[in-house]
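# Summary of the model geometry
Chain by chain, the residues:
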Amino acid sequence: MADKNKRSPVLLCLDGSPDARASATAALQFARTEGLPVVAAHVYDARIHESRFRQMEPGLPDKYQAEQGLKELRDSHGTLMSDGFTALSRGYLGDIVGTAREMGLEVSEVVREGRNYVALQDIAGRVNPSLVALGASGLGDTGDGVLGS
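The next thing to look at is the side chain of Ser17. Mapping Ser17 onto the fold places it in the loop between strand E1 (10-13) and helix H1 (18-34). Within the structure, Ser17 has its side chain in polar contact with the backbone nitrogen of Ala20 (distance 3.1 Å).

Printed below as a string of structure tokens:
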């Protein structure tokens, strides 16, 4: 049986873009008014960087072409990408999480690797939010798309 006292959180989908920050700011006001907790989320896709790295491998100097040399480079690259993206994610979440805490809101953070829309759907399915806030366009916006009809 569902806990009737459990409050569905507000899910903030953050990517560092002005649109995401604006939607998060508005959603924090909603959360405060309604007395709801907040889940701040960022999703990064490190796999695309791994793929690009492998595409560049043939251009590496000969000393790195041996399988052991490639393995060491791949391992180092993977660790750097993982650590770098985790730090980037924490940076995207930091300001909004800080603001939420200053507002007296209960807040938790989720950082996930994967395709953004797939991971965000999964996160939403797990937290069952009362509101999902995300920007109309993110940092990858190319300016050739529109939201809505």
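Under the criterion given, the structure shown has three salt bridges. A salt bridge links Glu106 to Arg7, with the nearest nitrogen and oxygen atoms 3.2 Å apart. With Glu106 in the loop between helix H3 (67-102) and strand E3 (107-113) and Arg7 in the segment before E1, this pair connects stretches of sequence that are 99 residues apart. Note on Glu106: relative accessible area 52%, which makes it exposed.

Turning next to the nonpolar core. Core analysis: the biggest nonpolar cluster contains 18 residues, and Leu12, Leu14, Leu28, Val38 and Leu105 have the highest contact counts within it. For this core, the secondary-structure elements that each account for two or more residues are E1, H1, strand E2 (38-44) and H3.

One open sheet accounts for four strands, arranged E3-E2-E1-E4; its pairing is parallel. Either end of the sheet is taken by a strand with one partner, and the two such strands are E3 and strand E4 (131-133). Averaged over all adjacent pairs, the angle separating strand axes in this sheet is 20°, with direction ignored. Where E2 lies against E3, seven bridges are found, and the strand directions are parallel. Bridge pairing in E3 links Ala40 to Glu109. Contacts from helix H4 (residues 116-127) reach E1, E2 and E3, with the element oriented near 155° to E2.

Side-chain alternation along E1 places Val10 and Leu12 on one buried face and Leu11 and Cys13 on a second face that is also buried. Taking the sense of rotation as the criterion, the β-α-β connection linking E1, H1 and E2 turns out right-handed. Across three bridges, E1 lies against E4 in parallel orientation. Note that in E4 the partner of Leu12 across the bridge is Ala133.

Taking 1.5 Å per residue as the helical rise, H4 with its twelve residues ought to reach 16 Å, and the 16 Å between its terminal C-alpha atoms agrees with that figure. Inspection of H4 places Ala119, Leu120 and Ile123 among the buried residues, and these make up the whole buried set. For H4, the arc enclosing every buried residue in end-on projection is 100°, short of the 170-degree limit, so these residues lie on one face. Seen from the open side of H4, the exposed residues pointing more than 90 degrees away from its buried face are Gln121 and Gly125. Taken together, the buried residues of H4 touch E1, E2 and E3.

Its 17 residues give H1 an end-to-end C-alpha distance of 24 Å, which sits within 8% of 24 Å, the value for a rise of 1.5 Å per residue. Looking only at H1, the buried set comprises Ala20, Ser23, Ala24, Ala27, Leu28 and Ala31. End-on view of H1: buried residues confined to an arc of 145°, all on one side of the axis. Facing away from the buried side of H1, by more than 90 degrees, are the exposed residues Pro18, Ala22 and Thr33. Directly after H1, the chain includes Gly35, whose backbone phi takes a positive value near 70°.

Assignment of secondary structure puts Ser23 in helix H1. The buried category is assigned to Ser23, whose relative accessible area is 18%. When neighbours within four sequence positions are excluded, Ser23 is seen to be in contact with Ala133, Leu134 and Gly135.

Cut-off values and rules
Residues numbered from 1 in each chain as written. Predicted model: local features only at pLDDT ≥ 70, side-chain atom pairs only at ≥ 80, totals over all residues. Heavy atoms only, no water. Helix = DSSP H or I, 4+ residues; strand = E, 2+ residues; numbered from the N terminus. Polar contact = N/O pair within 3.5 Å; in protein donor to acceptor, adjacent residues only side chain to side chain. Salt bridge = Lys/Arg side-chain N within 4 Å of Asp/Glu carboxyl O. Buried < 20%, exposed > 50% of the residue type's maximum accessible area, 1.4 Å probe, protein only. Core = buried A, V, L, I, M, F, W, Y, C linked by side-chain atoms within 4.5 Å. Pairing = 2+ DSSP bridges. Axes fitted to C-alpha atoms, helices over the stretch in contact; angles between N-to-C directions. Contact = heavy atoms within 4.5 Å. Right-handed = clockwise from strand over helix to strand, strands pointing away. Expected span 1.5 Å × (residues − 1). Arc of directions from axis to C-beta.

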